[in-house]
Amino acid sequence: MYAKAIVGFDGRSGGDDAQALACALVGGHGQVVLAQVGDGDSDASSGSARVVKIAARSVGEGLRRVAERQGGELMVVGSCQRNALERVVAGDDARSVLHRAVCPVAIAPTGYGTSGRAITTVGVAYNGSSKSMVAVAHAGLLAAQLGAGLIALSVVVPPMPTVGWGMSGGYL
């Protein structure tokens, strides 16, 4: 599957879910690197995983830099645990990673780390771009290796409503 996975790890449940998924996707032969984005750069180890701390403005930027430096083939993050208002104020780490990715990105479902479930479905976003076509092909290969089903989701960005006086739609 993958030789090296870079995991966004912050010690919370989403990070635990991401680490569990990364371990499943690298199998017994790959390496998992736990990346903690924060104030300083350092390296350590935690059990069988290597821990890299990196200073960056966002989780996406930090994980991208770690993936480039470490030769990561996969970036793994937990699903967002914030509500809509918190995502607006503090940001969405998973989205930040997706927009800065230099390799495939896997997002661990909430609770994956404690569920003990096998991976039965691989989901992939598709928007018609050449990059998304590569993602669909890659996800198909992964699903075949895992003996899992594949779901391709069409991604559409809705237009922003026009707001203000005299604009169409009459919004205030």
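Please read these numbers as outputs of a predicted model, since none were measured by experiment.

Now for helix α2 (residues 59–70). Here α2 is 12 residues long and its end C-alpha atoms lie 16 Å apart, about the 16 Å a rise of 1.5 Å per residue gives. If you check which residues of α2 are buried, you get G60, E61, G62, L63, R65, V66, A67 and Q70. Two residues or fewer after α2 comes G71, characterised by a positive phi angle close to 70 degrees.

What follows deals with the confidence of the model for the protein chain. Put simply, the protein chain has an average pLDDT of 79, and 76% of its residues get 70 or more. Here residues 84–91 is a poorly scored stretch, pLDDT under 50, and it has seven contacts once near neighbours within four places are set aside; other chains count.

The alternating pattern of strand β6 (residues 105–108) places A106 and A108 on a buried face and V105 and I107 on a face that is not buried. As judged from the four bridges shared by strand β5 (residues 74–78) and β6, these two strands associate in the parallel manner. Counterpart to M75 in the pairing with β6 is V105.

Ranked by size, the top nonpolar core spans 25 residues in total, and within it V7, L21, L25, L34, L74, V76 and V122 carry the most contacts. Broken down by secondary-structure element, the contributors of at least two residues to this core are β1 (4–8), α1 (13–26), β2 (31–38), β4 (49–55), β5, β6, β7 (121–126) and α6 (130–146). Sorting elements by how many residues they give to this core places α1 first, with five residues. Not counting residues up to four positions away in its chain, the partners in contact with V7 are G15, A18, Q19, A22, V32, V33, L34, A35, L63 and V76.

The next point concerns the pattern of salt bridges. Per the stated rule, a full pass over the model turns up three salt bridges. The salt bridge involving R65 is made with E61; its shortest N-O contact spans 3.0 Å. Within this pair, R65 and its partner E61 are both found in helix α2, separated by four residues, close to a single helical turn. The residues R65 and E61 share a single accessibility class, namely buried. Linking E68 and R64 is a salt bridge whose minimum nitrogen-to-oxygen distance equals 3.0 Å. One end of the pair is E68 and the other is R64, both in helix α2 and four residues apart, which spans about a single turn. Look at the salt bridges and you will find they share partners, linking R57, E61 and R65 into a network.

So, how was this worked out
- Residues numbered from 1 in each chain as written.
- Predicted model: local features only at pLDDT ≥ 70, side-chain atom pairs only at ≥ 80, totals over all residues.
- Heavy atoms only, no water.
- Helix = DSSP H or I, 4+ residues; strand = E, 2+ residues; numbered from the N terminus.
- Expected span 1.5 Å × (residues − 1).
- Buried < 20%, exposed > 50% of the residue type's maximum accessible area, 1.4 Å probe, protein only.
- pLDDT = per-residue confidence, 0-100.
- Contact = heavy atoms within 4.5 Å.
- Pairing = 2+ DSSP bridges.
- Core = buried A, V, L, I, M, F, W, Y, C linked by side-chain atoms within 4.5 Å.
- Salt bridge = Lys/Arg side-chain N within 4 Å of Asp/Glu carboxyl O.

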